[in-house]
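Tertiary structure, described
One-letter residues, chain by chain:
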Amino acid sequence: MAYYGKCLEAVIEQLDKFTPKRDNPEQFLEAAATSLQALSPRKQGFVLEVLSGCLEYRKLLTVVVDAFYAQDGRLCLRVDRSRFKVICYLATFLLEELGFQLFCDIIKSQPVDKMCKFLRFFFNPLHLCSWIKDEWSLIYEPAHVKENWIDPLIRWQPEVQELISHLEGASVSQSSPLKTKAKVTEPKEFNLTAPKPRTIPAPEPVPVVAKPRPVPQSTYRTPKEQQQLETVKRYNRRKAEELLLRANVEELRCAMPRSCREPTQGSKQQLQLQFPPRIRKTPKLTFYRPDSVLVKLNTTAILREGALYQRQVEQELQRVDKLVDGAGDFSEFLEWQKKMQAKDREEQLAAGECRRLQGKLSHEEAVLARQSLVQENKQKAEQQKEQMAKLMLQHAKRRLQEDRSRKELVEQVIEGQKNVKAAQAKLVKGRRQTVQEVIEASRGLLQRRAQEAQEEQRRRCELISQLRALETQPTRKGKLVDLTQIPSYGLEGEMSIVELRERLALLKENRRHEEEEKRDQIIQSKRTKSQELQDTLEQISLCRAAMGRSAALRWEEKKAAPAAPTQDERVQQLRRRISERAAERSKQAALLHVSAPRAARPKPRAQLEAQHWLEQERSRERRLRALQRGGSGPGPARRLEAA
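As annotated in an unreviewed UniProt entry, the protein is Cilia- and flagella-associated protein 99 from Sapajus apella.

Rendered as structure tokens:
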């Protein structure tokens, strides 16, 4: 036994040095062989064989040892992890080769208590047939695992159980201490008074409840208001669909004159949606322009506009007073200002025209760049196709070679399986019988556990019924309270609950009177403010009417003098560059044999681009006419004077 103990210690020592993430198994075995040269050839061969097997099947061994530490080996040291792996490998792969007697000698050379725990856990039939088999089947083929590893372990299970019982008896005989005579403590029962049996109270009579009223039929009907709302919703939806259809038919009319695209007042009233009336708490202030367009103003807007007009009137009065006193007029300054503003407008129009032509020039340059990019992409695509053809040819050759090697390997595997099938058929009968016995034993254990659980449940039900009977006994709760009594705690201002309620009622009454007075003051202030707003609105309407008349007079004066747009040198230069880029683009398209530019063919995108540039020209002309008509209007004082 000492011989095998030394061999296993050498294997365990080498396994402790192995690190899966860092070491390679083959290189590690070579290093271990060089370090074990001092041993005899027989001992060295045994150690290297066990060490190589543990490294080859380390995943299977790790599954069993991790589960052992999680369940039965929680108190075992982690230092013995390699020891358990070696024992698991010997029992799984070398038990047939070594023989049971040699295996017993190896087990006896190790610590007895640790070997008993591990062998009892590993050779448990329930573990072998359930999770060990499932975990190993995830790594290797299920049929190979069952026939070559699980079934032999189940077959050796009776002999291993005898070995475990023998080891346990030996450990008990070694660890039993000498018996010493000592006085044993004898427990005595307490002398307690037996409680009197309590009577179970009679159940209280169930009170008779009055018959409730039946549910009215109106609960299950839809109210009339909801039906009316549904009718209004359908009507409004139909009107909205008509408006949507009309908007889709008459879209893009923003550039048309107002007289052509605005419907009449009667048609506007017909297109308005009808909604149910709403009750508003505060009326909103409205103001009517001279052209009968309704404008809603809030209080802030009214006060701001009234202050503006008041300030304009004061400035105009100050100007009149200065003129009366002999001050000069600003007519020359206003004429100079008009000239400078006209010059600024011309510069703005020229700058806008330059920006438009620059956009057109960038468009032409983008078309040229796109054509050069198309040519480069064609060349790259041809090169890519040639490379792909070469790669596909190499891939096809590689696939043919792999298919040939795979067919040769399949033929070799089939020849090897023919020899194995004969030996597997002989072991099937014995394994089936062993599995059937294990299933019957486990079935008997489950039945006994079910009977014990039923008995425990019945006993618990009896205890619960007794506890509920004790809980139903009546207990007296509550305390009488006198609301007119003073607590007499010695505090200042003590009073009874009745007096406290009376004082609270008086405080509520006083607070209600104060709230009513504040409410009256707020209403009076609101009325005063509303009257001030009405006066301000009347003043604003008068000022706006005067401003409208002055604007109409200025429009009549200026609408007959349209000036032609000036031509700038930068604009002419940009137009020449655009024409040169267009000619260059047409030449390049003819040389590269590509399709004609999109502007030359009536495609949808080309039409959209042409329409875009046409709209830009029209909008530029409209802005020019508007600037020539509008100009910079006179200041507030001039507007009031014209009114």
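What to know about the overall build of the protein
Assigned secondary structure in the protein consists of 20 helices and two strands. Taken over 643 residues, the protein has a buried fraction of 19%. By sequence separation, contacts in the protein at least 24 residues apart represent 73% of the contacts at least 6 residues apart. Accessible surface computed for the protein: about 51000 Å², of which carbon and sulfur atoms make up 54%.

Some remarks on helix α16 (residues 331–471)
Counted at 1.5 Å a residue, the expected span for α16 with its 141 residues is 210 Å, but the 107 Å between its end C-alpha atoms falls short. A maximum bend of about 30° is found in α16 at V428.

As for unusual backbone geometry
A positive phi angle is found at S488, which is not glycine, with a value near 60°. Along the chain, the position of S488 falls in the loop between α16 and α17 (497–558).

Some thoughts on the pattern of salt bridges
Using the criterion set out here, one finds 21 salt bridges in the structure. A salt bridge links E316 to R319; the nearest nitrogen and oxygen atoms lie 2.7 Å apart. Within this pair, E316 and its partner R319 are both found in helix α15 (residues 299–325), separated by three residues, close to a single helical turn. Here the salt bridges share partners, and the residues they tie into one network are E9, D80, R83 and K114.

Looking at the nonpolar core
Judged by nonpolar contacts, the single largest core of 59 residues is most densely connected at V50, V86, L90, L119, F122 and W136. Contact partners of L119, with chain neighbours within four places excluded, come to I87, F103, I107, V160, L163 and I164. One finds L297, A301, Y309 and C543 within the second-largest nonpolar core, a separate group that totals eight residues.

Quick word on a negative patch on the surface
On the surface, a cluster of negative charge is contributed by E514, E515, E517 and D520. Structurally, the position occupied by E514 is in helix α17.

Some points on the environment of Q358
Mapped onto the secondary structure, Q358 falls in helix α16. Here the alpha-carbon distance between Q358 and R575, two residues 217 residues apart in the chain, equals 9.0 Å.

What about the packing of aromatic side chains?
Tallied over the entire structure, the rule returns 18 aromatic pairs. Measuring from centroid to centroid gives 4.3 Å for Y57 and F93, while their planes differ by 20°, and the two rings are stacked. Here Y57 is found in the loop between α3 (41–56) and α4 (58–70), whereas its partner F93 is found in helix α5 (residues 81–93), with 36 residues between them in sequence. Judged by centre distance (5.6 Å) and plane angle (55°), the rings of F68 and F121 are tilted. Of the two residues, F68 sits in helix α4 while F121 sits in helix α8 (residues 112–122), which places them 53 residues apart along the sequence. F68 gets classed as buried once you look at its relative accessible area, which sits at 0%. Since its relative accessible area comes to 0%, F121 is described here as buried.

Notes on the packing of helix α10 (residues 142–155) against α16
Two elements in contact, α10 and α16, have axes whose closest approach is 10 Å; the angle formed by their N-to-C orientations is 45°. Judged on the interaxial angle alone, α16 and α10 are oblique. Judged by the sense of rotation from one axis to the other, the crossing of α10 with α16 is left-handed. Taken together, the residues of α16 that come into contact with α10 (itself represented by E147, N148, D151, P152 and I154) are Q424, R431 and T434. A per-class count over the contact of α10 with α16 returns two nonpolar, three polar and three charged.

Remarks on the environment of L98
Counting through the fold element by element, L98 comes out in helix α6 (residues 95–98). Of the residues examined, L98 reaches a relative accessible area of 21% and is grouped as partly exposed. What L98 contacts, discounting residues up to four positions off in sequence, is F46, L90 and I106.

What about the packing of helix α9 (residues 125–139) against α10?
For the pair α9 and α10, interaxial distance at closest approach is 10 Å and the crossing angle is 145°. The two elements α9 and α10 cross, and the hand of that crossing is right-handed. Where α9 abuts α10, its residues L128, C129, I132, K133, W136 and S137 lie against P142, V145, K146, W149, I150, L153 and I154. Here the contact of α9 with α10 is composed, by residue class, of ten nonpolar, one polar and two charged.

Analysis parameters
- Residues numbered from 1 in each chain as written.
- Predicted model: local features only at pLDDT ≥ 70, side-chain atom pairs only at ≥ 80, totals over all residues.
- Heavy atoms only, no water.
- Helix = DSSP H or I, 4+ residues; strand = E, 2+ residues; numbered from the N terminus.
- Buried < 20%, exposed > 50% of the residue type's maximum accessible area, 1.4 Å probe, protein only.
- Contact = heavy atoms within 4.5 Å.
- Areas by Shrake-Rupley, 256 points an atom, 1.4 Å probe, with all protein chains shown as cover.
- Expected span 1.5 Å × (residues − 1).
- Bend = angle between axes of the 7 residues up to and from the residue.
- Salt bridge = Lys/Arg side-chain N within 4 Å of Asp/Glu carboxyl O.
- Core = buried A, V, L, I, M, F, W, Y, C linked by side-chain atoms within 4.5 Å.
- Patch = residues over 30% accessible without salt bridge, like charges linked within 9 Å, V, L, I, M, F, W, Y side chains within 5 Å.
- Lys, Arg positive; Asp, Glu negative; His and termini not counted.
- Charge placed at Lys NZ, Arg CZ, Asp CG, Glu CD.
- Phe/Tyr/Trp six-rings, centres within 6.5 Å; stacked < 30°, edge-to-face > 60°.
- Axes fitted to C-alpha atoms, helices over the stretch in contact; angles between N-to-C directions.
- Parallel < 35°, antiparallel > 145°, perpendicular 65-115°, else oblique.
- Left-handed = near helix turned anticlockwise from the far one by under 90°.
- Nonpolar A, V, L, I, M, F, W, Y, C, P; charged D, E, K, R; others polar.

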